[in-house]
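Listed here are the chains, written in short residue letters.
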Amino acid sequence: MTFRQLLNDCGIGLPASDKLGGVEETPQHRVLIFCQLRPMLDIIERDLFGSAMSNVRYMRMDGSTDPRKRHAVVQTFNADARIDVLLLTTSVGGLGLNLTGADTVIFVDHDWNPMKDLQAMDRAHRLGQKKVVNVYRLITRGTLEEKIMG
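Parameters and conventions
Residues numbered from 1 in each chain as written. Predicted model: local features only at pLDDT ≥ 70, side-chain atom pairs only at ≥ 80, totals over all residues. Heavy atoms only, no water. Phe/Tyr/Trp six-rings, centres within 6.5 Å; stacked < 30°, edge-to-face > 60°. Helix = DSSP H or I, 4+ residues; strand = E, 2+ residues; numbered from the N terminus. Buried < 20%, exposed > 50% of the residue type's maximum accessible area, 1.4 Å probe, protein only. Pairing = 2+ DSSP bridges. Axes fitted to C-alpha atoms, helices over the stretch in contact; angles between N-to-C directions. Contact = heavy atoms within 4.5 Å. Salt bridge = Lys/Arg side-chain N within 4 Å of Asp/Glu carboxyl O. pLDDT = per-residue confidence, 0-100.

Student: How do you make sense of the packing of aromatic side chains when you look at a structure like this?
Tutor: Aromatic rings in a pair are described by how distant their centres are and how their planes are angled relative to each other. This structure, assessed with the given rule, holds 2 aromatic pairs. Between Phe34 and Phe107, the aromatic rings sit 5.6 Å apart at their centres with planes inclined by 25 degrees, giving stacked as the arrangement. With Phe34 in strand S3 (residues 31-35) and Phe107 in strand S6 (residues 104-109), the pair connects residues that are 73 residues apart, well separated along the chain. Exposure remark for Phe34: the relative accessible area of 0% places this residue in the buried category.

Here it is in structure tokens:
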């Protein structure tokens, strides 16, 4: 399965032709995409959301986001169901970041400190979460990462 297929299975980025009577066949999920490094977020933003899936509505929060604006990003994402995806680094936000607006977590670029990935995953499992949260880890076949994660 590709990253794009996973997002489509979540109801994200589907073309208008995949909707019947204005209702999507796939239930709409809201996704947190975590990467360890900002350059991987840049690649997703540029190569996936910038061209291949330009209809995806997303926000981004990483180390370059002004700390005074981070709370507003979180509030906007949690409150606005029209925003499909929040792109984040695993280190941004620290403890207590509440992202209950999402019900799906996808790790693209895993943090070498497994506790940071667990902390990132818990951001969708906070008090107030009313949905089941699904977590996916994308791993490239035939790599060192596959051996480590196995």
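Student: Mind showing me how you'd approach the sheet that holds strand S7 (residues 134-137) here?
Tutor: Working definition: the strands of a sheet are paired by backbone hydrogen bonds and lie parallel or antiparallel to each other. Taken in spatial order, the 5 strands line up as S4-S5-S3-S6-S7 in an open sheet, and their pairing is parallel. The sheet terminates laterally at strand S4 (58-61) and S7, the two strands that pair on one side only. Going from strand to strand, the sheet's axes swing by 20 degrees on average, the running direction of each strand aside. Pairing between S4 and strand S5 (residues 85-89): 4 bridges, direction parallel. Across the sheet, Met59 pairs through a bridge with Leu86, a residue of S5. Seen against the sheet, helix H4 (residues 114-122) touches S3, S6 and S7 and runs at an angle of roughly 150 degrees to S6.

Student: Just checking my understanding: could you explain the pattern of salt bridges for this structure?
Tutor: Side-chain pairs of opposite charge can arise where the charged atoms are in close proximity. Summed over all chains, the structure comprises 8 salt bridges. Asp62 is the salt-bridge partner of Arg60, the closest N and O atoms lying 2.6 Å from each other. Neither Arg60 nor Asp62 differs from the other in exposure class; each is buried. Through salt bridges with shared partners, a single network forms among Asp42, Glu45, Arg60 and Asp62.

Student: Where do I start with the confidence of the model for the chain in this structure?
Tutor: Low pLDDT marks regions whose predicted coordinates should not be analysed in detail. Mean pLDDT over the chain works out to 86, with 89% of the residues at or above the 70 mark. By mean pLDDT, strand S1 (residues 19-20) is the weakest element of the chain at 50, and S4 is the strongest at 96.

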